[in-house]
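Understanding the architecture of this molecule
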Amino acid sequence: MINNSALIDKTIAFVKETLKNTEGGHDWWHIHRVWTNAKLIAKTEQCNLLIVELAALLHDIADSKFHNGDEEIGPKTAGDFLKNINADADTVEHVQQIIRHMSFKSGFDKASFRSKEMEIVQDADRLDALGAIGIARAFSYGGFKGREIYDPEIKPNLNMTKEQYKNSTAPTINHFYEKLLLLKDKMNTPTGKALANQRHAFMLAYLDQFYSEC
């Protein structure tokens, strides 16, 4: 059986190689930040750290929005890799379940899986969508998709269905209201909530400045 340290090292190498040409908001450095924050949050929670680390490292290994909306390609890619390096079956299954259920869009569905490890990784991922990093990532992805920065004639849709959310082409500023500013109240852990509050406040200040310049 492969030891935990070797599992992490092999996973890091796999993720770096797989994501080397990915859009800047979903590249290795996004993964690295989520992994780092997940380990930070895990220090204050009772959890299986190996599961937390592997899920954080693999959570965006094949993001559905870059694969024609296929929501199973991520769990499958992660599972195939972990099986390949001889991770035990329970670890593989738990990591796949986390990847399958942790995203914001998964919140449109009735929750069918929950674990402390998923709550930690979900908080770490949400933190990277907030604050200065979150703002940079939002505009990076908006530019990648050719979206407008802002159009005052197009109002945010606060009652989207899952399909509307997945297929939205709205200006990037709308995404603040449709997702980013909602994340603070969706955090799971005390550490995650505290960090989210700080980043949320920064985003509100940014929006004030943005509108004053407009």
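Above this note sits the structure.
Residues numbered from 1 in each chain as written. Predicted model: local features only at pLDDT ≥ 70, side-chain atom pairs only at ≥ 80, totals over all residues. Heavy atoms only, no water.

**Some details on the packing of helix α3 (residues 49–58) against helix α6 (residues 116–127)**
Relative orientation of the contacting elements α3 and α6 amounts to 40°, with a least axis distance of 9 Å. With respect to α6, the axis of α3 lies oblique. At the point where α3 passes α6, the crossing takes the right-handed sense. Contacts between α3 and α6 involve I51, V52, A55 and A56 from the first element and E117, I120 and V121 from the second. Along the lines of polarity and charge, the residues of the contact of α3 with α6 split into six nonpolar, no polar and one charged. (Axes fitted to C-alpha atoms, helices over the stretch in contact; angles between N-to-C directions. Helix = DSSP H or I, 4+ residues; strand = E, 2+ residues; numbered from the N terminus. Parallel < 35°, antiparallel > 145°, perpendicular 65-115°, else oblique. Left-handed = near helix turned anticlockwise from the far one by under 90°. Contact = heavy atoms within 4.5 Å. Nonpolar A, V, L, I, M, F, W, Y, C, P; charged D, E, K, R; others polar.)

**As for the pattern of salt bridges**
Counted by the stated rule, this structure contains nine salt bridges. The closest approach of N and O atoms between D80 and K76, which form a salt bridge, is 2.7 Å. Highlighted residues: D80 and K76, both in helix α4 (residues 73–84), separated by four residues, approximately one helical turn. In this structure D80 comes out as partly exposed when scored by relative accessible area, which is 37%. K184 is the partner of D185 in a salt bridge, and the nearest nitrogen-oxygen pair spans 3.0 Å. Residue D185 is classed as exposed on the basis of its relative accessible area of 65%. Overall, the relative accessible area of 22% leaves K184 in the partly exposed class. Three or more residues are tied together by salt bridges with common partners; here these are E45, R114, K116 and E119. (Salt bridge = Lys/Arg side-chain N within 4 Å of Asp/Glu carboxyl O. Buried < 20%, exposed > 50% of the residue type's maximum accessible area, 1.4 Å probe, protein only.)

**Side note on unusual backbone geometry**
Positive phi values are uncommon outside glycine, yet N86 reaches one of about 70°. Within the fold, N86 resides in the loop between α4 and α5 (89–101).

**Observations concerning the packing of helix α1 (residues 4–18) against α4**
Following both chains from N to C, one finds α1 and α4 inclined at 135°, their axes separated by 11 Å at the closest point. Comparing the axis directions of α1 and α4 gives the class oblique. Of the two elements, α1 crosses α4, and the hand of that crossing is right-handed. Side by side, α1 and α4 meet where K10, T11 and F14 of the first sit next to T77, F81 and L82 of the second. Residue composition of the contact of α1 with α4, grouped by class: three nonpolar, two polar and one charged.

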